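Okay, here's what each chain looks like letter by letter:
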Amino acid sequence: MSSIKSWSISDSVLQRPGSGPDRGRGPVFHDVRTTGYFAAPPDEGIPTNLNIYLSNFADAPRQVRVAVNRLVNGVGESIFSRSLTIPGGEGRHLNVEDVAGESLEVRVWAADDVLPSADVSYYFIADGGIVVQVYRSPADFVRV
């Protein structure tokens, strides 16, 4: 486990708090958590999406950063990145489209009282249902 406990975002570059030109300004992110790489099922002709859910159980707003990588020839490649503020007691949903057949990793930088989860799913028109193919609970996000 990393001994570095918090990070801040400055010009899209991760830096330790108190370092760099924006010292003392900007949101502070705690411990990065990751799903590790997991396989999204292959394309079956139905648009398959990655859904990321973020729940803030604190009474105060929390800053969160989310990054999604895919594995290409053994190398991680960024396909999605977002920074957002989640009001206290609320949640947010992020969607990454067309991920069928990809090896995906979801990384979340957030305080401990923000719990992430994720799924790979598709909408099945015939019965009007959402089919969840892969699910990652908050417990599946491991600190790195």
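Before any of the text, the structure's been laid out above.
The paragraphs below set out a description of the structure included in this document. Quick caveat: nothing in here was measured; it's all calculated off a predicted structure.

Rules of the game
Residues numbered from 1 in each chain as written. Predicted model: local features only at pLDDT ≥ 70, side-chain atom pairs only at ≥ 80, totals over all residues. Heavy atoms only, no water. Buried < 20%, exposed > 50% of the residue type's maximum accessible area, 1.4 Å probe, protein only. Helix = DSSP H or I, 4+ residues; strand = E, 2+ residues; numbered from the N terminus. Pairing = 2+ DSSP bridges. Axes fitted to C-alpha atoms, helices over the stretch in contact; angles between N-to-C directions.

## Considerations on the pairing of strand β6 (residues 48–56)
And then number 1: Of all nine residues that make up β6, seven are buried, and the element is covered over most of its length.
And then number 2: Looking at chain direction, β6 and strand β11 (residues 114–124) are connected through nine bridges and run antiparallel. In the sheet register, Ile52 faces β11, and the bridge partner there is Ala118.
And then number 3: As judged from the six bridges shared by β6 and strand β9 (residues 91–96), these two strands associate in the antiparallel manner. Bridge pairing links Leu54 to Arg92 in β9.

## Observations regarding the sheet that holds β9
Think of a sheet as strands paired side by side through backbone hydrogen bonds, with each pair either parallel or antiparallel.
And then number 1: Pairing is antiparallel across the open sheet formed by four strands, whose spatial order is β9-β6-β11-β12. What marks the edges here is a single partner per strand, and that holds for β9 and β12 (129–136). Taken pair by pair, the neighbouring strands of this sheet meet at an average axis angle of 30°, ignoring direction.

## Description of unusual backbone geometry
Where the residue is not glycine, phi is negative for most of them; where a peptide bond is considered, it is trans in most cases.
And then number 1: The phi torsion at Asn73 lies on the positive side, around 50°, for a residue other than glycine.
And then number 2: Assignment of secondary structure puts Asn73 in the loop between β7 (62–72) and β8 (75–86).
And then number 3: For Asp98, which is not a glycine, the phi torsion comes out positive at approximately 55°.
And then number 4: Within the element layout of this structure, Asp98 appears in the loop between β9 and β10 (103–109).
And then number 5: On the accessibility criterion, Asp98 (56% relative accessible area) is exposed.

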